[in-house]
Every structure is written in C-alpha cells, then in structure tokens.
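The lines below spell out each chain.
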Amino acid sequence: AKRLRRHGADLATSTLNDWFGRVGVLLMFLHRLQRARLLECSLISLDDTPLPTRNRDHPKNIQTGRQWIYLGDVDQAVYAEFSSDWKGTHPRAVLDGFEGDVQSDGYAGINPLFERPNGPRSRVGCNDHGRRKFVQALERGDRRAQPVVDLYRALYAVERTARERKLDPAGRTALRQAESVPLWTQLDKTIAALAPRVERKSPLGKAFIYWNRQQDTLRAFLEDGRLPISNAHVERLMRIVAIFRNNSLFVGSLEAGPRYAALLSLMLECLLVGANPFDYLTDVIGKIAADWPAARAAELLPRAWLAARDTEAAEQQRAS
C-alpha cells in the first residue's frame, strides 16, 4: 500500500488483501494441474517449514501451519501445499497414487506411503540433514566429528565435479561408483568406530542416531544418477517462504493458506523456468477474463506459457 501511495494510488490494505485472495481462487485450477504434472515425474523431493497462521478460535489467535514444497525431477515440476498442522496425512494425500521415488529428510509422517502395495518405489534421504548434525557437533567443540565432516566435504566435491562436467544420470552414476562409493565406505567405517564412544544425548550422539536410522536412504544416491545427494534444491526455494514469513508475520486465516499456496506454486514455477512473474500474471489473468477455453488450461502453466511466448517472439523475428 505504501509503494502504491508513492505512485498516487491510495488503496486500503483490506482491498489489496481481497484482490490477493480473489486471484488465488481464480488460479486454483492451475494449482490442481501442477499437482497432476508433479505426479507424472519419476522423483519427487519435498520439504516443509512452519507458517504462522491467524485463527481466532485458537487460544493465542495464531496457530502454526505448515508450508510444503514438492519438486518433481529436481526442477521439472513444482507444487506448494498449505496445511493447518504437521500431520502426515497432508503429504500422503498429495502423493497418493505416486509410484516413483520420494526424497525427504527423516520425517516419519510419510512412512505409511512405503507400506502400501502400490506406493512409492523407494525413499531417498537428504545428506544435507545427515551432514548438518555432525557439523553442529563439531561447532560445539566435539572434534571427533571432524573426520565425518571431511568425508562429507569430499562427497560433495564429487557432486560439484559432476555438475561442472554436466554429466547425464548415467555419467553421474559412473562417477559416483568410482569416487563416491569408496568415500562412503570410509564414512560408514568412521561413524561405526565412533558409536561405542558416543553419548546418545550429546550432539554427536544425536547425529549418529539420525545417520544410523537413515543410512539406507542416505546412500540411495550412490546407485542412481537421477537422485540428488540432498534435498538442497527444495530448501533453496524454502527461503522464499522464509522471506514471506518475515515480511508478513503470518497468513491471515486458515482459508487464506491454500490461496497463498496456489500463488506460491505458480511463482515458484516462474522462477524455475525463468518467466517474469508480473508479465505472466498480467497475461494469464487477462486470458482467463477473456474466457480462455478450459480444454487448453495447461497452456497457462508458466513453463508452457513461456515456451509459447518464445515461439511467438521467434516467429515475429523471422517475419520481420
């Protein structure tokens, strides 16, 4: 509202909030299409973060909601979902029917997915979470964590080499088998040697417990070049939610959460594909207002929208 007033438009925040909500409702059909596209991927990575939400029925007027972000095949699809709590029923509903690989931290809420006959193929862990706990132990003065941190640094160096060489999944698998597997074997031995000397309630003990419980999922990336070593690609997008949380303090209501998630999904896809969010929203809202055919709804998703714009620009350039 302050920015608009500087340009001579004096609009109440209640009016802006109403517009925000109406746009979220208007674009909800695209949000559903994004989930469908997500489920077509072979790998889904997910993470969540707290999102304070106003609820006048809550004793403190604010309850802790959650914002979830799902990425398909690293950067080929994105979907954001708001939930009023941290129960596993929410991500399980989003992933219902998915039969590919699921990557996450050690969150237990999605465990029932892997018990279903037609559930996900396998669970992939996040080595950022595994490594971070050893780093925290080291930062608190436990030098026994240093060899583990060093081995993890070497593993991430292999991943950096794969990116620099722009290797395809087969190339990453070959590189990991040659360089990462020996490092992992040494990592396994180093952590196992620590076990008898670690106090379970100490920072290093908690790091060991997490690594031991998640070991099978953490090593999954070694056998398949499609799989990232960590969930960092999702965590990077979570920073956008953190900025929103710091700026707005809370979501206005439980009903506003899904509307925010719908808009967030589209803005994140704009970010992934390189589409200008303002241009995208201006054009797409105009097309919807002009009765865009429902059969062509998928053309309004950011990736398809940008491809069409690029094609149109190229044709205009050839014509001129």
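Just above, that's the structure.
Residues numbered from 1 in each chain as written. Predicted model: local features only at pLDDT ≥ 70, side-chain atom pairs only at ≥ 80, totals over all residues. Heavy atoms only, no water.

### Focus on the pairing of strand β2 (residues 62–72)
Link 1 in the chain: In terms of residue burial, β2 counts as a mostly covered element, since nine of its eleven residues are buried.
Link 2 in the chain: Summarising the sheet, strand β1 (residues 43–54) and β2 pair through eleven bridges and their orientation is antiparallel. Of the residues in β2, the one forming a bridge with Ile44 is Gly72.
Link 3 in the chain: Pairing between β2 and strand β3 (residues 77–83): seven bridges, direction antiparallel. (Buried < 20%, exposed > 50% of the residue type's maximum accessible area, 1.4 Å probe, protein only. Helix = DSSP H or I, 4+ residues; strand = E, 2+ residues; numbered from the N terminus. Pairing = 2+ DSSP bridges.)

### Concerning unusual backbone geometry
Link 1 in the chain: With a phi angle near 75°, Leu249 is a residue other than glycine that sits in the positive phi range.
Link 2 in the chain: Counting through the fold element by element, Leu249 comes out in the loop between α9 (232–248) and α10 (256–273).
Link 3 in the chain: Unusually for a residue other than glycine, Asp291 sits at a positive phi of about 65°.
Link 4 in the chain: Topologically, Asp291 is positioned in the loop between α11 (277–289) and α12 (302–319).
Link 5 in the chain: On the basis of relative accessible area, Asp291 is assigned to the exposed category, the value being 66%.

### Here's the deal with the side chain of Asp48
Link 1 in the chain: Structurally, the position occupied by Asp48 is in strand β1.
Link 2 in the chain: Here Arg66 takes part through its side chain, which lies 2.5 Å from a polar atom of the side chain of Asp48.
Link 3 in the chain: Among the polar contacts listed, one links the side chain of Asp48 to the side chain of Trp86, at a separation of 2.8 Å.
Link 4 in the chain: Non-local contacts of Asp48, meaning those with residues more than four positions away in its chain, are made with Arg66, Gln67, Trp68, Trp86 and Met238. (Polar contact = N/O pair within 3.5 Å; in protein donor to acceptor, adjacent residues only side chain to side chain. Contact = heavy atoms within 4.5 Å.)

### Details of the packing of aromatic side chains
Link 1 in the chain: Within this structure, the stated rule accounts for nine aromatic pairs.
Link 2 in the chain: Here Tyr152 and Tyr156 contribute two aromatic rings whose centre-to-centre distance is 6.3 Å and whose plane-to-plane angle is 50°, an arrangement assigned as tilted. Linking Tyr152 with Tyr156, this pair stays in helix α6 (residues 146–164), spanning four residues, or about one helical turn.
Link 3 in the chain: On the numbers, 5.4 Å between centres and 85° between planes, the contact of Tyr280 with Trp305 is edge-to-face. Taken together, the positions of Tyr280 in helix α11 and Trp305 in helix α12 put the pair 25 residues apart, joining distant regions of the chain. There is no split in this pair, since Tyr280 and Trp305 are both buried.
Link 4 in the chain: What links up through ring pairs into an aromatic cluster is the set Tyr152, Tyr156, Trp184, Trp211 and Phe221. (Phe/Tyr/Trp six-rings, centres within 6.5 Å; stacked < 30°, edge-to-face > 60°.)

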